[in-house]
Amino acid sequence: MKKVAFWVPVRDKADKLMVTVKSVLAQTYPHMEIILSDQGSTDDSLHYMKQLAAQYNGPNKVKIVQCPDTEPRGMAGFNAHLNWLHNNNDADIIITTSADDWNHPERAEKVIKAFEETNASMVGTMIQFVEPDGSINGVSAFPNESRFITAREHLQQKVGGSSSQSWAADFWDVCGPLPESSIVDVYMPFLATQARGFYYIHECLYGYIQYADPNNTGLGGMLLAAKTDSEKDQVNELSGYQITSTMLMAGRKLDALGIRGKDEDAWSSLIETVVEYTNTWCLTRDKMTRQRVNPIPLRA
């Protein structure tokens, strides 16, 4: 039996992590290690994780660790956290979640079954968008069946968003570590389509809770928190940079692995998407320049 780890990387999420951790501890899959990992939180995050772990009486092993790589912030910090976890864990399959989202009780069980049946490099699931008050605000709409996703579909339809992702450790060994400011749910699924595949489960096994948070690592929370048009432009400009940069880094990784020409449509769709996002990024930056609005810095 392959070893499974369910990671919950946390940083200053004391006001949100209870829902997330409880949903992970409630998983029906009984043969895995649940790792609650704190990255230098300055609030009560570590305290609450220890409290919930002490109350757990289920079949899985719960482990609390502390990532010592606390200097990087934002996306760079999150990626450093995942890189550290990989270097300090021997699981064959890794399931991840953001520390402010919700996981269906059967997520791990159905993800492991998909890995066993498909031998995919990555497995993602349908995502439910949830308001902080618990009301449902829609679901990810593409595709409408469980199957492997092509590189073009991933890039154009944004399949694999948020952190409804899991991957095989041997895939990470080839494609990792995550570059500093790359967006994991753009970088990893694209590369997975060029390995043993990115398999999508058409079931709502993950809830992306739409918190408005200007300090959120993901740009979605920052955009929800933006109140003025200028603030929205600033977040969109930063998003344009991060997505374009991530796709370029994924292209460089294909070159480094010597597999760039094996899937011509994947390479073509990557170039087309880079051009599209670069155009949008430049138009937003031009608008900000005319209005004398400064870009917001990428936290690193």
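Preceding this section is the structure that the text describes.
Enquirer: Just give me the short version of helix α10 (residues 264-290), but keep the residues and values in it.
Expert: One turn of an α-helix holds 3.6 residues; hence residues three or four places apart share an orientation. The terminal C-alpha atoms of α10 lie 39 Å apart, and with 27 residues this matches the ideal 39 Å at 1.5 Å per residue to within 8%. Those residues of α10 not exposed but buried are Ala266, Trp267, Ser269, Leu270, Thr273, Val274, Tyr277, Thr284 and Met288. Each element contacted by the buried residues of α10 is listed here: α5 (151-157), α7 (184-193) and α9 (229-257). Arg292, located one to two residues past α10, shows a positive phi value of around 55 degrees.

Enquirer: Lay out the environment of Met18 in plain terms, naming residues and giving numbers.
Expert: Relative to the elements of secondary structure, Met18 occurs in helix α1 (residues 17-25). Using a relative accessible area of 25% as the deciding quantity, one classes Met18 as partly exposed. Leaving out residues up to four positions away in the same chain, Met18 has contacts with Tyr48, Gln51 and Leu52.

Enquirer: Explain the pairing of strand β2 (residues 32-38) to me, using residue names and the numbers behind them.
Expert: Among the 7 residues in β2, 7 count as buried, and that is most of the element. As judged from the 7 bridges shared by strand β1 (residues 4-10) and β2, these two strands associate in the parallel manner. Residue Val4 lies in a different strand from β2, and its bridge partner there is Met32. For the crossover from β1 across α1 to β2, the handedness is right-handed. Inspection of the sheet shows β2 paired to strand β3 (residues 61-66) by 6 bridges, in the parallel sense. Its bridge partner being in β3, Ser37 is matched across the sheet by Val65.

Enquirer: Quick rundown of the environment of Lys13? Include the residues and the values.
Expert: In this structure, Lys13 sits in the loop between β1 and α1. Taking the C-alpha atoms as reference points, Lys13 and Ile35, 22 residues apart in sequence, are found 16 Å from one another. If we ignore the near neighbours within four places in the chain, the residues touching Lys13 are Asp43, Ser45, Ala99, Asp100 and Asn216.

Enquirer: A description of the packing of α1 against helix α2 (residues 45-55) should follow, citing residues and the corresponding values.
Expert: Across the interface, α1 lies against α2 with an axial gap of 11 Å and an inter-helix angle of 30 degrees. Comparing their axes, α2 and α1 come out roughly parallel. Viewed along their axes, α1 and α2 form a crossing whose handedness is right-handed. Across from Leu17, Met18, Val21, Lys22 and Leu25 in α1, the residues of α2 making contact are Ser45, Tyr48, Met49, Gln51 and Leu52. Across the contact of α1 with α2, the residue classes tally to 7 nonpolar, 2 polar and 1 charged.

What counts, and at which threshold
- Residues numbered from 1 in each chain as written.
- Predicted model: local features only at pLDDT ≥ 70, side-chain atom pairs only at ≥ 80, totals over all residues.
- Heavy atoms only, no water.
- Helix = DSSP H or I, 4+ residues; strand = E, 2+ residues; numbered from the N terminus.
- Expected span 1.5 Å × (residues − 1).
- Buried < 20%, exposed > 50% of the residue type's maximum accessible area, 1.4 Å probe, protein only.
- Contact = heavy atoms within 4.5 Å.
- Pairing = 2+ DSSP bridges.
- Right-handed = clockwise from strand over helix to strand, strands pointing away.
- Axes fitted to C-alpha atoms, helices over the stretch in contact; angles between N-to-C directions.
- Parallel < 35°, antiparallel > 145°, perpendicular 65-115°, else oblique.
- Left-handed = near helix turned anticlockwise from the far one by under 90°.
- Nonpolar A, V, L, I, M, F, W, Y, C, P; charged D, E, K, R; others polar.

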